[in-house]
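Inside the fold
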Protein chains: 2
Amino acid sequence: MSPFEVQLLGTNSALPAFGRHPTSQVLTIQKYKYLIDCGEGTQMRFQQFGIRPGRMHQIFISHLHGDHFYGLIGLLTTLGLIGRTKPLDVFAPEGLEEIIRIQTKYAGGDPPFKLRFHVVDTEKHQLIYENNQITVHSIPLDHRVPTAGFLFREKPKDRKMIGAAIEQYGIPYKAIPDIKKGADFTDANGQIIANALLTEDPIPPRTYAYCSDTRFKEDIIPIIEGADILYHESTFQSDLIEKTIPTGHSTARQAAEIAKRAKVGRLILGHFSSRYENIESFAEEAKTVFPDVVAGVEGTIYQPLTGS
Amino acid sequence: MSPFEVQLLGTNSALPAFGRHPTSQVLTIQKYKYLIDCGEGTQMRFQQFGIRPGRMHQIFISHLHGDHFYGLIGLLTTLGLIGRTKPLDVFAPEGLEEIIRIQTKYAGGDPPFKLRFHVVDTEKHQLIYENNQITVHSIPLDHRVPTAGFLFREKPKDRKMIGAAIEQYGIPYKAIPDIKKGADFTDANGQIIANALLTEDPIPPRTYAYCSDTRFKEDIIPIIEGADILYHESTFQSDLIEKTIPTGHSTARQAAEIAKRAKVGRLILGHFSSRYENIESFAEEAKTVFPDVVAGVEGTIYQPLTGS
């Protein structure tokens, strides 16, 4: 099965602690890798985990708090130094281009590849990017500065040809693309062979929902409904619930509540406050509401649960 | 003896490699700590080496290439999060304030302490900062963008009282400050006791010269002459000397030549190109010209050589 997985490179909130780092993730879907957020030191995490920085296809930044983007300028500099020439698209709220361009200006000029910024409207749930494999929609979140999550969804795949049927019904090569799209096949004698005899259902499109940072926000539930994997921040546990409103964050229990009501396949927690040394207790709190939950571990690769 | 030492936090050039990091150093002189350059991940190096970020007294940035300052915005954010209220002075070439302020603006406002930027004129050798313990002078360097090194020099100390003399000559407490400044003492009988009988020479003022990044530049020699410690970049070894002019860097041999002619106490090499895995060979090359040289190791604390 083609890859669909996310590797966490940083699971901590703003203040690095207990060896945990600020937020960044690499999402691999089929042939491409997408970088989601890019906290300070992300390029060093790449080295640590053997990820080649040149492989990044697009970069998505959720908001302009430093623990989500301070590593971007260093990564872009490195991409220039290692000779990238392919254009790079960066999706982020208003302001990131200004921040990056002022730094490249003083450092002696633009990188040797085309750097294209796309402003994400953090108030709207809309399509912000697509290629032939996926769509990416913004997820409006509720934080202290304009913030959007991202919903990565595979496009529906073609139906899968049944190998034996090709021989049995003498299907020529050029007829296959239409049959994969669902067409019946008319053979040399004018007999119609139903598509159901020729193909099987494809793997259903898979979905990854990235929600960081945000207060508890019920209206994201219909947007992320049924996602195979939901990453939802949980900066605090319920003992510090009074901090969630002023800081613009969630508790593990609140993240689990969202996961349950959105009927997602699995929940990954992250963005842990540096007040907590033990992150397993985040998962324990969330499990009282939603069973398929993990407290994200840096370096670990997460896939959809089998059968989800 | 009061501390005078530098701890290297990053010894690599721009592209992190072989576990080496971009440039930053903590210089401790007597009671205070000064941060010199602040490459990406400096705050993580602080954690690794048990350095408390709140202890930094001033910050000095040599130039606006990212491997010398990308970690500053993250460190400033952290200082805010851990509750710094004391003002912080940052000395850097033109442009750094603009880069930092644009980021604090989008992140929701200035940090909770006063952040004061002081523009260093990289063309001039002049006093840029002093307190009651040290002076700091700029050292004009020759790189691809405006770049200054920094010369940290202790102020002359008071002469040291000879404990036994206080009793012997019946010196009252209030006379001591003048005697430490070099005054003779007149006792109750009107007899003049020469200062040489009462005091000893103080520790001579110590000097640290920081020179990164730069092409071979002879006219820094009179500025740094006799420094107890010279840190001089050596991005390349002589096999790649043809790269020094276009990139604006030096070889280990060139750094040693500067050290020898400036009669410094010891030379620390750093800013190694990621082409080189083995850094000991930098020291070997330099030793053919100047004996008291080390290839800087991250985490290591360097002091003046005894007797230098």
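As a reminder, the structure under discussion sits directly above these lines.
Residues numbered from 1 in each chain as written. Chains lettered and ligands numbered in written order. Predicted model: local features only at pLDDT ≥ 70, side-chain atom pairs only at ≥ 80, totals over all residues. Heavy atoms only, no water.

**Focus on the environment of Ser-281 of chain B**
Residues and elements named next belong to chain B. What counts here: Here a strand is any run of E in DSSP of at least two residues, a helix any run of H or I of at least four, and the numbering for each starts at the N terminus. For each residue, the accessible area found with a 1.4 Å probe, counting protein chains only, is set against the maximum for its type, and the residue is called buried under 20%, exposed over 50%, and partly exposed in between. A 3.5 Å cut-off defines polar contacts: any pair of N or O atoms within that distance qualifies, except that in protein one atom must be a possible hydrogen donor and the other a possible acceptor, and neighbouring residues in sequence count only when both atoms are side-chain atoms.
Its place among the elements puts Ser-281 in helix H10 (residues 280–287). The exposure class assigned to Ser-281 is buried, which follows from its relative accessible area of 17%. Linking Ser-281 and Tyr-210, residues 71 residues apart in sequence, is a C-alpha distance of 21 Å. A polar contact of 2.8 Å, which involves the side chain of Ser-281, links it to the side chain of Gln-237.

**Things to note about the pattern of salt bridges**
Residue and element names in this part refer to chain B. Under the convention used in this document: Salt bridges are identified by distance alone: a Lys or Arg side-chain nitrogen within 4 Å of an Asp or Glu carboxyl oxygen.
Scanning the entire structure with this criterion turns up 24 salt bridges over all chains. Across the pair Asp-110 and Arg-101 runs a salt bridge, and its minimum N-O distance is 3.7 Å. The class of Asp-110 is exposed, set by a relative accessible area of 52%. Accessibility expressed as a relative area gives 25% for Arg-101, which makes it partly exposed. As a salt-bridge pair, Asp-121 and Lys-124 come within 3.6 Å of each other at their nearest N and O atoms. Relative accessible area serves as the criterion here: at 29%, Asp-121 is assigned to the partly exposed category.

**A short note on unusual backbone geometry**
Going from Ser-212 of chain A to Asp-213 of chain A, the amide bond is cis rather than trans, its omega being -5°. One can find Asp-213 of chain A in the loop between strand E14 (207–211) and helix H6 (221–224). Despite not being glycine, Phe-18 of chain B shows a phi value in the positive range, around 55°. For Phe-18 of chain B, the position within the fold is in the loop between strand E1 (4–10) and strand E2 (24–29). Residue classification places Phe-18 of chain B among the partly exposed residues on the basis of a relative accessible area of 44%. Phi is positive for Asp-37 of chain B, which is not a glycine, with a value near 60°. Secondary-structure assignment places Asp-37 of chain B in strand E3 (residues 32–38).

**Section: the relation of the copies chain A and chain B**
A rotation about an axis combined with a shift along that same axis relates the two copies of the chain. Inclusion rule: Least-squares superposition aligns the copies on the C-alpha atoms of those residues with pLDDT at or above 70 in both. Whether two residues are in contact is decided by their heavy atoms: any pair within 4.5 Å suffices.
Superposing chain A onto chain B requires a rotation of 180° together with a translation of 0.0 Å along the rotation axis, leaving an RMSD of 0.1 Å. Each copy turns onto its partner about a two-fold axis. Closest to the rotation axis within chain A is the C-alpha of Gly-41 of chain A, separated from it by 2.7 Å. A high fraction, 100%, of the interface residues of chain A reappear at the interface in chain B, so the copies pair face to face through one surface.

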